[in-house]
Amino acid sequence: MRKAFCEGLLREHSREELVFLTGDLGFQALEPLRSSLGQRFLNAGVAEQNMVSVSAGLARQGFRPWLYSISPFLYARAFEQIRNDVCLHQLPVVLVGNGGGYGYGVMGSTHHALEDYGVLLTLSGMDAMIPAFDSDLTSLIPMMFETSRPCYLRLGVGEQPKDWQPPVFAPWRKLTSGGGGVLIAVGPLAGAFWEPCELMPEAMRPNLWCLSQLPLGNLPVQLLQDAATCSRLLIVEEHVAHGSAGQAVMTELFKLRCVPPFVRHKTASGYPSGRYGSQRFHRAECGLDTLSVLSFFGGENPA
Amino acid sequence: MNIPFKASDRRLSVLAKQRLLKMHFESGVGHIGGNLSCLDILLAVYHYVLSEADQFVLSKGHAAGALYVTLWTVGKLSDDDLKQFHRDNTLLSGHPPPQGIPGIQFATGSLGHGIGLSAGLALGMRLAGKAGRVICLTSDGEWNEGSSWESLIFAKHQGLSNLAVIVDENGLQGFGTTEEVANLAPLSERFRAFGLTTLEIDGHDLTAISEALSTSTSDGPLMIVAKTIKGCAVSFMEHQLAWHYLPMNSEQYIAASQEVGEL
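Residues numbered from 1 in each chain as written. Chains lettered and ligands numbered in written order. Predicted model: local features only at pLDDT ≥ 70, side-chain atom pairs only at ≥ 80, totals over all residues.

## Things to note about the overall build of chain A
A tally of regular secondary structure across chain A gives 12 helices and 12 strands. For a compact globule of 303 residues, the expected C-alpha radius of gyration is about 19 Å, and chain A comes in at 19 Å, within 12% of that figure. The dimensions of chain A, computed from C-alpha atoms along their principal axes, are 60 × 40 × 35 Å. Taken over 303 residues, chain A has a buried fraction of 50%. Excluding contacts between residues fewer than 6 apart, the proportion of contacts in chain A whose partners are at least 24 apart in sequence is 76%. (Helix = DSSP H or I, 4+ residues; strand = E, 2+ residues; numbered from the N terminus. Rg over C-alpha atoms; globule rule 2.2 N^0.38 Å. Buried ≥ 20, exposed ≤ 12 C-beta atoms within 10 Å, placed from the backbone. Contact = placed C-beta atoms within 7 Å.)

## What to know about the sheet that holds strand 5 (residues 127–129) of chain A
Residue and element names in this part refer to chain A. The mixed open sheet is built from 7 strands, whose spatial order is 2-1-3-4-6-5-10. Among the strands making up the open sheet, the edge pair consists of strand 2 (41–43) and strand 10 (213–214). Note that strand 5 and strand 10 share 2 bridges and pair antiparallel. For Met129, the partnering residue across the bridge sits in strand 10 and is Gln213. (Pairing = 2+ DSSP bridges.)

## With respect to the interface of chain B and chain A
Opposite the 22 residues of chain B that make contact, chain A presents 23 residues. Those elements that provide at least two residues to the side of chain B that touches chain A are helix 5 (114–128) and helix 6 (146–157) of chain B. With 11 residues, the top contributor of residues to the side of chain B that touches chain A is helix 5 of chain B. In terms of residue class, the side of chain B that touches chain A is built from 12 nonpolar, 9 polar and 1 charged. (Nonpolar A, V, L, I, M, F, W, Y, C, P; charged D, E, K, R; others polar.)

## Details of the pairing of strand 3 (residues 163–169) of chain B
Residue and element names in this part refer to chain B. Along strand 3, 7 of the 7 residues are buried, which leaves the element largely enclosed by surrounding structure. Burial along strand 3 is two-sided: Leu163, Val165, Val167 and Glu169 and Ala164, Ile166 and Asp168, pointing in opposite directions, are all buried. Bridge analysis of strand 2 (residues 134–139) against strand 3 gives 6 bridges, and the strand direction is parallel. The residue of strand 3 that forms the bridge with Ile135 is Ala164. Traced from strand 2 through helix 6 to strand 3, the parallel crossover comes out right-handed. With 6 bridges connecting them, strand 3 and strand 7 (residues 222–227) associate as parallel partners. (Right-handed = clockwise from strand over helix to strand, strands pointing away.)

## Considering helix 5 of chain B
Taking 1.5 Å of rise per residue, 15 residues should cover 21 Å, and helix 5 of chain B covers 21 Å from first to last C-alpha, within 8% of that figure. Buried within helix 5 of chain B we find B:Gly114, B:Ile115, B:Gly116, B:Leu117, B:Ser118, B:Ala119, B:Gly120, B:Leu121, B:Ala122, B:Leu123, B:Gly124 and B:Met125. Packed against the buried residues of helix 5 of chain B are helix 3 (48–60) and helix 5 (79–87) of chain A together with strand 1 (55–58), strand 2, helix 6 and strand 3 of chain B. (Expected span 1.5 Å × (residues − 1).)

## Quick notes on the nonpolar core
Formed by 161 residues in total, the largest nonpolar core has its most connected members in A:Leu67, A:Leu95, A:Ala185, A:Phe193, B:Tyr68 and B:Ile224. If one sorts the elements of this core by residue count, helix 2 (residues 32–49) of chain B sits on top with 10 residues. The residue makeup of this core includes at least three contributed by each of domain 1 (2–155) and domain 2 (172–294) of chain A. If we ignore the near neighbours within four places in the chain, the residues touching A:Leu67 are A:Leu21, A:Met51, A:Val52, A:Ser55, A:Leu74, A:Val93, A:Val94, A:Leu95 and A:Val96. (Core = buried A, V, L, I, M, F, W, Y, C linked by C-beta atoms within 7 Å. Domains from an automatic or database assignment.)

## Section: the sheet that holds strand 8 (residues 182–186) of chain A
Residue and element names in this part refer to chain A. With mixed pairing, the 5 strands of this open sheet are ordered in space as 7-9-8-11-12. Bordering the open sheet on either side are strand 7 (172–176) and strand 12 (262–266), each of which pairs with just one other strand. Strand-to-strand, the axes of this sheet are offset by a mean angle of 20°, without reference to chain direction. Note that strand 8 and strand 11 (residues 232–236) share 4 bridges and pair parallel. The residue of strand 11 that forms the bridge with Ala185 is Val236. (Axes fitted to C-alpha atoms, helices over the stretch in contact; angles between N-to-C directions.)

## Some words on the domain arrangement of chain A
Residue and element names in this part refer to chain A. Here chain A is described as being made up of domain 1 (2–155) and domain 2 (172–294). The gap between the C-alpha centroids of domain 1 and domain 2 is 26 Å. Elements supplying a minimum of two residues to the side of domain 1 that touches domain 2: helix 6 (116–120) and strand 5. When residues in the side of domain 1 that touches domain 2 are grouped by element, the largest group, 3 residues, is from helix 6. For the side of domain 1 that touches domain 2, the per-class residue count stands at 12 nonpolar, 8 polar and 3 charged.

Structure representation (structure tokens):
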């Protein structure tokens, strides 16, 4: 998704208010942006706290700072600067966190972002964008210039199936239809499930919904209809349960008295075996792999 | 209340100190020592130095009282405003608020943020081709914070000559002297080791402060280590850690007010 992100920002390079700051990262990804932006591209060094404070100062001067780092180096390391300097003043700073969820795979736990949007959404006025597909960046980036609020952009690995064009970016998108229940997937996980869902018999196939923006607005009417008429609902996300999208969705469904009989929420559960591996490895350990997820639909009612 | 520029330094300083003591006494609030240590710096900055194009950041947010009183001396806050200090439903909280007071750009209070914020303002001025500069006032204890040094490295590397950082060096921090807690003395030598133009001055001499701020640099921020006295002008408060925290009782207020002197 980094390449698509870079291309998306490059298309906006003529915006004089755009300033890009990186925490010394971007090799083989951000070089075109550096060349294009000139002095409005700054390598702020390995100093994320300062980078966030500087961005607040720039925003106070009317600029639109975009900050880039490996996700936890931003949201965890510089949390107080994000809270005090950016959010207390409601400044339009975009925090771009690369490697959402287990995106950095076997690089290890320090690089994983398992509580990013949950933590950031505790802050006043913060939005979180979780694009699912590379193509989402095309419409999402211009949209993010229009907001006056702080925003977090979680970059993952887009898993767009070949020869399939996903619908244009929206907070909620319905990707498949069927009679097997409702599957809500947050961000890129949705792309991983699209093709296997399509291959399922229609009666067992879940209505696959992709969620890409938090906090939640009103739930789509179609989603409520799907939830009201099914017996099984599963929410999956590469994020810990606390502060998760799933908890927010369940709260809304509960308030609307629209909770199916069988509901599950599969989340990132850390490192249950104490071993490390690829993103695929960690997803499987947490039951976020295709087989574990889709086995919830069809067959006997789940225990 | 608007004091004419170049009014007597002593008159200005006494007036502000009297108002500060009154405000703290009426609201029953501490942090008097650190306010008295930096009040003269703020007066010099606001009365003799800042132009319309300049911006100021109070990194040592616990000196909000001194900033509010200084803003009162230049007519940006009223006497009624100061009466709301530290009350319910006030804009004048114990540390500067994020919005609502003219001239206050940022909520500060957690230390180690101001230099980065100021560096961002200064960088923004340069990118926008704007005149003016940014002046940031820090405490000495806040140089314990790693983020302060991160920001200094950035400001130097970016050559932010439109930034001046003043350190209110009163030698006392939260729970001990700066020497006892995390000795960085002499701080000025640490700054010079970064290749920064660094001046050492008397932080209670308004003329010296304004003259130091007239120094220009070519390749990075100007650093000014201002030697000050915590609790300045009140003998029983001077150099006393307790006055970082304590409010005054009636007798102490009367005594302090008498020591500060009359206009």
